[in-house]
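As a plain string of letters, each chain reads:
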Amino acid sequence: MSLVRRATTEDAGEVLRLRQVMIDALPGGDASTAWHTEALPSLRRKLGEADGDFAAFVVDHPERPGALAALVVGTVDYRIGKASSPHGRSGYVFSVATDPDARRRGYARACMDELLAWFRERGAGQVMLTASPEAEPLYAALGFAHKPDPTMMLRL
């Protein structure tokens, strides 16, 4: 039996906590948690959509009942098709986090394996993510490669 399971609405608070762990580890990350209260209803709604375009996979913390040890979250988006993805479905991984006291146990990799299977089931022709230097070896081992894409962003 797998340690990994699909996150449910009851996991929403813990999903936000682990997302904050990830945010806090990023350069320039915002340590504020005031946004959690406002984000919680939308997250619960998305976690309740079993057949939607959003999925979170988690591992329960082995030493802390009610807490999560690891989390991965992704979405499937539609983009106009191309040779490598003719149906235009593209996966995007946007949150990968492991509780600091549960690291180096393979939880993030196990969750990523489940998320990648979920993307395949939905016909995603490609999966994108942004890798921290610490996580890059994991993603490379899973087959991810750097792309010469000059991505830019505008905050609205």
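Relevant structure appears above.
My aim in this report is to walk through the structure given alongside it, one point at a time. Counting restarts for each chain: residues are numbered from 1 in the order of the written sequence. Per-residue local features of the predicted model are confined to residues with pLDDT of at least 70, and side-chain atom pairs are confined, for both listing and counting, to 80 or more; whole-chain, interface and lining totals are unaffected and use all residues. As a rule here, side-chain values cover all heavy atoms of the structure and leave hydrogens and water aside.

### Notes on the overall build of the protein chain
Runs of H or I in DSSP of at least four residues are treated as helices and runs of E of at least two as strands, each being numbered from the N terminus. Secondary structure summary: the protein chain contains four helices and five strands in total. The C-alpha atoms of the protein chain give 16 Å as radius of gyration, which agrees with the globular expectation for 156 residues (15 Å, within 12%). Overall, the C-alpha framework of the protein chain stretches about 45 × 40 × 30 Å when taken along its three principal axes. Expressed as a percentage of its 156 residues, the buried residues of the protein chain come to 37%. Throughout, the radius of gyration refers to the C-alpha atoms, and the reference size of a globule is 2.2 Å times the residue count to the power 0.38. Relative accessibility under 20% of the residue-type maximum defines a buried residue, over 50% an exposed one, and the middle range a partly exposed one, all with a 1.4 Å probe and only protein chains included.

### A closer look at the side chain of His36
Its place among the elements puts His36 in helix α2 (residues 35–47). Taking the relative accessible area as the measure of exposure, His36 reaches 16% and is therefore buried. Whether two residues are in contact is decided by their heavy atoms: any pair within 4.5 Å suffices. Contacts of His36, omitting those with residues within four sequence positions, involve Leu16, Arg17 and Gln20.

### Some thoughts on the nonpolar core
With 24 residues, the main nonpolar core has Met112, Leu115 and Phe119 as its most contacted residues. When residues of this core are traced back to their parent elements, those giving at least two are β2 (54–60), β3 (68–78), β4 (89–98) and α3 (107–121). For this core, the element with the most residues is α3, which contributes eight residues. When neighbours within four sequence positions are excluded, Met112 is seen to be in contact with Val72, Val93, Val96, Leu129, Tyr139, Leu142 and Phe144. Residues belong to a common nonpolar core when they are buried Ala, Val, Leu, Ile, Met, Phe, Trp, Tyr or Cys residues joined through side-chain atoms within 4.5 Å. Counting residues in hydrophobic clusters, the runner-up holds 18 residues, among them Ile23, Leu40, Phe54 and Ala56.

### Let's talk about the sheet that holds β2
Strand pairing is assigned whenever DSSP detects at least two bridges linking the two strands. Sheet architecture is open: five strands sit in the order β1-β2-β3-β4-β5, paired in mixed fashion. Only two strands of the sheet have a single partner each, and these edge strands are β1 (4–6) and β5 (126–129). Here the average twist between neighbouring strands, direction ignored, is 25°. Looking at chain direction, β3 and β4 are connected through nine bridges and run antiparallel. The residue bridging Ala70 from the neighbouring strand is Thr98, located in β4. Lying over the sheet, α3 contacts β1, β2, β3, β4 and β5, oriented at roughly 25° with respect to β3. With axes taken as lines fitted to C-alpha atoms, and helix axes fitted only over the stretch in contact, angles between N-to-C directions fall between 0 and 180 degrees.

### Thoughts on the packing of aromatic side chains
Here the aromatic set is Phe, Tyr and Trp, taking the six-membered ring for Trp, and pairing holds for ring centres within 6.5 Å; pairs whose planes are under 30 degrees apart are stacked, those over 60 apart are edge-to-face, and all others are tilted. Tallying each qualifying case throughout the model produces three aromatic pairs. Between Trp118 and Phe119, the aromatic rings sit 5.5 Å apart at their centres with planes inclined by 55°, giving tilted as the arrangement. In terms of burial, Trp118 and Phe119 fall into one category: buried. Between Tyr139 and Phe144, the ring centres sit 5.9 Å apart and the planes meet at 70°, which makes this aromatic pair edge-to-face. Residues Tyr139 and Phe144 agree in their burial class; the two are buried.

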